[in-house]
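# A closer look at the structure
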Amino acid sequence: MRGRFRVCLATASAILALLPALGCRTADPPTTRGDTASPVVIFAAASTAGPLDEIAAAFRAETRIDVLTSLAGSSTLAQQIIAGAEADVFLSASREWAAALENRGLVAESRDLFSNRLVIVVPTAADWKVNAAEDLLDPRVEHLALGDPECVPAGVYARQALQALGLWDRLAGKVVAAEDVRQALSYVETGAAEAGIVYITDAAASRRVEVAAEIDPALSDPIVYPAVLLRSAAGKPAARRLFRFLQSTPAADILRHHGFTVIDSSSP
């Protein structure tokens, strides 16, 4: 896996130049700023969009500090940070991308917060059945949507699972690589792909797909989301408060509501 990450990192400059085309979404500044501090900037995996909106609102209600979010694939966000993008906190869908920042001396603190699971999804009105990963070999499944299996955590995990099942070489030609897991989901929602492998939390957020089968978690690396307080923000009290709030009971409750499995909900 590390070899694939090096390939992704080598393309960081090119990716930064193409960010508008990559669909990386940065929240517009709120119309009312917090009274006690400047906004905190968090770069977060696309799969955390739902709970992060609620967590940011709860944090704002408690602290009167605004949170600006940038959502994309963890690989894209990590490369932006490595290239000098200004962020305070990084919420990654992969320990590997958090480690990539650690190895470059960019991390002040890091803590594993929650986990997820992979599922196979098909359009709600699909007239074919997928009961297991082997069924993806069906000729009617011409396109299989994944996060980019070279870089995007959801795609990397999916590739690991399919390799463990001995299916990757037979399915690789069907793969449609997406920039993040939400784009992979959208390919299935719109019919651009007959099936996809996404996180169960993403599937639950969509009415246009249904879960056809779950992927055994033992087939891939553990799907763990670490929160990272970046070294450049270590002296920023508002950033530290958000980093702690992500580990709080209110945040854990929101994450559970969205289907994530909280690793440790206690505050430090």
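Please read these numbers as outputs of a predicted model, since none were measured by experiment. (Residues numbered from 1 in each chain as written. Predicted model: local features only at pLDDT ≥ 70, side-chain atom pairs only at ≥ 80, totals over all residues. Heavy atoms only, no water.)

### Observations concerning the pairing of strand E6 (residues 118-123)
Formally: Partly exposed residues are those whose accessible area sits between 20% and 50% of the maximum for their type, while under 20% is buried and over 50% is exposed, using a 1.4 Å probe and protein chains only. By definition, any uninterrupted DSSP run of H or I lasting at least four residues is a helix, any uninterrupted run of E lasting at least two residues is a strand, and each is numbered from the N terminus. Each pair of strands is called paired provided DSSP finds at least two bridges between the two strands.
Taking burial as the measure, the six residues of E6 include six buried ones, the bulk of the element. Examined bridge by bridge, E6 and strand E9 (residues 195-199) share four bridges and lie antiparallel to one another. The residue of E9 that forms the bridge with Ile120 is Ile197. With five bridges connecting them, E6 and strand E10 (residues 209-214) associate as antiparallel partners. Directly across from Val122, in E10, lies its bridge partner Glu210.

### Re the sheet that holds E6
Put simply, the rule reads: Fitting a line to C-alpha atoms yields each axis, with helices limited to the stretch in contact; the angle taken between N-to-C directions then spans 0 to 180 degrees. We call two residues in contact whenever any of their non-hydrogen atoms come within 4.5 Å of each other.
Read across the sheet, five strands follow the order E8-E7-E9-E6-E10 without closing on themselves; strand pairing throughout is mixed. Strands with a single pairing partner mark the edges of an open sheet, and in this sheet they are strand E8 (175-178) and E10. Looking at each pair of strands side by side, their axes are set apart by 35° on average, direction ignored. Looking at chain direction, strand E7 (residues 144-147) and E9 are connected through two bridges and run parallel. From the neighbouring strand, Leu144 faces E9, where its bridge partner is Ala195. Packed onto the sheet, helix H7 (residues 153-164) meets E6, E7 and E9 and runs at close to 115° relative to E9. Set on the sheet, helix H9 (residues 181-189) makes contact with E6, E7, E8, E9 and E10; between it and E9 the angle comes to about 145°.

### Structural notes on the packing of aromatic side chains
For clarity, the threshold we go by: Note on aromatic contacts: the rings of Phe and Tyr and the six-membered ring of Trp form a pair at centre separations within 6.5 Å, being stacked when their planes are under 30 degrees apart, edge-to-face when over 60 apart, and tilted otherwise.
Taken as a whole and judged by the stated rule, the model has five aromatic pairs. Pairing Tyr199 with Tyr225 gives two aromatic rings, centres 6.0 Å apart and planes at 55°, and the pair type is tilted. With Tyr199 in strand E9 and Tyr225 in strand E11 (residues 224-230), this residue pair connects regions lying 26 residues apart in the sequence. What makes Tyr225 buried here is its relative accessible area of 0%.

### Quick notes on the packing of helix H4 (residues 49-63) against helix H11 (residues 237-245)
Stated precisely, the cut-off is as follows: Angle categories are assigned with fixed cut-offs, so that under 35 degrees is roughly parallel, over 145 is roughly antiparallel, 65 to 115 is roughly perpendicular, and the rest are oblique. A crossing counts as left-handed when the near helix is turned anticlockwise from the far one by less than a right angle, and as right-handed when that turn is clockwise.
Taken N-terminus to C-terminus, the directions of H4 and H11 make an angle of 125°; their axes are 11 Å apart at the nearest point. As far as their axial angle goes, H11 and H4 are oblique. In this structure, H4 crosses over H11, and the sense of that crossing is right-handed. The segment H4 lies against H11, with Ile55, Ala58, Phe59, Glu62 and Thr63 engaging Ala238, Arg241, Leu242 and Phe245.

### Section: unusual backbone geometry
Even without being glycine, Arg64 reaches a positive phi, approximately 65°. Locating Arg64 in the fold gives a position in the loop between H4 and strand E3 (67-72).

### So, the confidence of the model for the protein
Heads up, the condition is: pLDDT measures the predictor's confidence residue by residue and takes values from 0 up to 100.
For the protein, the mean per-residue pLDDT works out to 89, and 85% of the residues sit at or above 70. Across residues 1-7, confidence stays below pLDDT 50; counting only partners more than four residues off in sequence or on other chains, it has 14 contacts. Here residues 10-35 scores under 50 on pLDDT; set against residues more than four positions off or in separate chains, the count is 40 contacts.

### Some remarks on the pairing of strand E2 (residues 40-45)
Remember that side chains alternate between the two faces of the sheet whenever the strand is regular. Selection criterion: If you view a crossover with the strands going away from you and the path from the first strand over the helix to the second runs clockwise, you call it right-handed.
For E2, the buried fraction is high: five of the six residues fall into the buried class. Crossover E2 to E3 through H4 is right-handed.

### What about the nonpolar core?
Using the following cut-off: The set of buried Ala, Val, Leu, Ile, Met, Phe, Trp, Tyr and Cys residues whose side-chain atoms join them within 4.5 Å is what this entry labels a nonpolar core.
One finds Ile42, Leu136, Leu144, Ile197 and Tyr199 to be the most contacted residues of the largest nonpolar core, which totals 71 residues. Residue contacts for Leu144: discarding those within four places in its chain leaves Leu136, Leu162, Leu171, Lys174, Val175, Val176, Ala195, Gly196 and Ile197.

### Looking at the pattern of salt bridges
Cut-off, in case you're wondering: For this analysis, a salt bridge means a side-chain nitrogen from Lys or Arg found within 4 Å of a carboxyl oxygen belonging to Asp or Glu.
Summed over all chains, the structure comprises ten salt bridges. We note a salt bridge from Arg182 to Asp202, for which the minimum N-O separation is 2.3 Å. With Arg182 in helix H9 and Asp202 in helix H10 (residues 200-204), the pair connects residues that are 20 residues apart, well separated along the chain. On the basis of relative accessibility, which here comes to 29%, the residue Arg182 falls in the partly exposed class. Given a relative accessible area of 0%, Asp202 falls into the buried group. In this structure, Asp253 and Arg256 form a salt bridge, with 3.4 Å as the shortest nitrogen-oxygen distance. In this pair, Asp253 and Arg256 are both assigned in helix H12 (residues 249-257), three residues apart and thus about one turn of the helix distant. Arg256 sits in the partly exposed class, given a relative accessible area of 42%.

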